[in-house]
Amino acid sequence: MSDISRSHEYLSFRSTIPQRKIIVDDDNSKEWTLYEAGPKTVKSPLICFPPASGTADVYFRQVLGLSALGYRVIAVEYPIYWTMKEFVEGFRKLLDHLVLDRVHIFGASLGGFLAQKFAEHSCRSQRVASLVLCNTFYDTTIFQQTNSAPTFWMMPAVYLKKMVMGSFERRATEPEIVDSIDFMVEKLDGMSQQALASRLTLNCMNCYVEPQKLRDVDILLMDVFDECALSSGVREEMCKCYPEAKRAHLKTGGNFPYLSKSTEVNVFLQIHLRKYDMGPYRARELTENELQLLSEADGTLNKSS
């Protein structure tokens, strides 16, 4: 068991935040797994999409840290979907089930790609208020596995796990980064062959994002300056795709900064979400003083008009 799994923080998370299973498809085997904290009155929460190797609880430090500040945070784990159409329709149904109109999505690696594809899919119905994309990509051809992707469903789990672990940076020296890798390896080991195969299929099938369809979406690109699975060229291409996006840089963090540098990541998330505090798409519950200021501002605006 990894040091993170044995930590008081993680054990507290698992003992206080219930795991929920939700089925929104006709196929009862397709379960979404959720960990949620924060006020249910918030209708535009932050939803966290994990990478191919991760489960919903890899975001436990975001769920605990941000919910303590009044944010509503939902970490999700995808069912076994084999096509992008299945995924975007399934997530839309999940939002409908949770009675959520527009949400903020924080996605890492595959999670960031899926977040972009959902924003693209829902560009006319505006289900995404903003995106925070961490160590992610916009075109699956960078993995050079598009020809193999249709066969992942029948490959042994051991082979698939070796594929994923090959991208983990093992030369890390910072204890926090080493711990984050150990924790993610543990999560990967616990994943079924079908779950991992479906994730890798979505990760590597021939697919790309049409950035022009996201031009009205507020985007924050979060990157690390040290080694991670994605090359600097891929990260530069993301910036070219979204020239208007804001940037958040972490000096170190590796592949999983939301685990290894969670305090810094949570600060960036707060800064990003702060602009929505006084609008209809706020991700947190306002204090009484903030509500009073909002009411006074509305009164001033009504008088001037």
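Before going into details, it helps to say that this report is about the structure given with it. (Residues numbered from 1 in each chain as written. Predicted model: local features only at pLDDT ≥ 70, side-chain atom pairs only at ≥ 80, totals over all residues. Heavy atoms only, no water.)

### A short note on the packing of aromatic side chains
Each aromatic ring pair is characterised by the separation of its centres together with the angle its planes make. Rules: Here the aromatic set is Phe, Tyr and Trp, taking the six-membered ring for Trp, and pairing holds for ring centres within 6.5 Å; pairs whose planes are under 30 degrees apart are stacked, those over 60 apart are edge-to-face, and all others are tilted. Here a strand is any run of E in DSSP of at least two residues, a helix any run of H or I of at least four, and the numbering for each starts at the N terminus. Exposed residues in this analysis have more than 50% of their type's maximum accessible area, buried residues have under 20%, and partly exposed residues fall in between, with area computed by a 1.4 Å probe over protein chains only.
Per the stated rule, a full pass over the model turns up 23 aromatic pairs. Arranged with centres 6.1 Å apart and planes meeting at 45°, the rings of Trp-32 and Phe-87 form a pair that is tilted. Of the two residues, Trp-32 sits in strand 2 (residues 31-37) while Phe-87 sits in helix 4 (residues 84-97), which places them 55 residues apart along the sequence. By relative accessible area, which is 0% here, Trp-32 ends up buried.

### Digging into helix 11 (residues 262-274)
Let me state the cut-off plainly: Helices are assigned an expected span. That span is 1.5 Å times one less than the residue count. It is the directions from the helix axis to the C-beta atoms whose arc is reported.
Under the 1.5 Å per step criterion, the end-to-end length of helix 11 is 18 Å for 13 residues, consistent within 8% with the ideal 18 Å. Among the residues making up helix 11, those that are buried are Ser-262, Val-265, Asn-266, Leu-269, His-272 and Leu-273. Across the axial projection of helix 11, the buried residues extend over an arc of 120°, all falling on one side.

### Concerning empty space enclosed by the protein
The rolling of a water-molecule-sized probe over the atoms marks out the regions of remaining empty space. So the rule is basically this: Of the grid points, spaced at 1 Å and generated over the protein atoms alone, those admitting a 1.4 Å probe that cannot get out make up cavities, while open sets with protein on both sides within 12 Å along at least five of seven lines make up pockets; any residue with an atom within 4 Å of a point is treated as lining. Grid points are joined across faces, edges and corners, and a volume is the space filled by probe spheres set on the points. Under the convention adopted here, Pro, Cys and the residues Ala, Val, Leu, Ile, Met, Phe, Trp and Tyr are nonpolar, Asp, Glu, Lys and Arg are charged, and Gly plus all remaining residues are polar.
Per the counting criterion, the structure on display carries one cavity of 30 Å³ or more. Estimated volume of the largest cavity: approximately 40 Å³. Taken together, Leu-133, Asn-135, Thr-136, Leu-221, Asp-223, Arg-235 and Met-238 form the lining of the largest cavity. Contributing elements (two or more residues each) for the lining of the largest cavity: strand 7 (218-224) and helix 9 (232-241). Partitioned by chemical class, the residues of the lining of the largest cavity number three nonpolar, two polar and two charged.

### Focus on the pairing of strand 6 (residues 128-134)
For clarity, the threshold we go by: At least two bridges found by DSSP between two strands are what make those strands a pair. Here a crossover is taken to be right-handed if, once the strands point away from the viewer, the path from the first strand over the helix to the second is traced clockwise.
For strand 6, the buried fraction is high: seven of the seven residues fall into the buried class. By the bridge criterion, six bridges tie strand 5 (residues 103-108) to strand 6 in an arrangement that is parallel. Bridging from a neighbouring strand, Ala-108 pairs with Cys-134 of strand 6. With helix 5 (residues 110-121) bridging strand 5 and its parallel neighbour strand 6, the resulting β-α-β unit is right-handed. One ladder, built from five bridges, connects strand 6 with strand 7; its direction is parallel. Its bridge partner lying in strand 7, Val-132 is registered against Leu-220.

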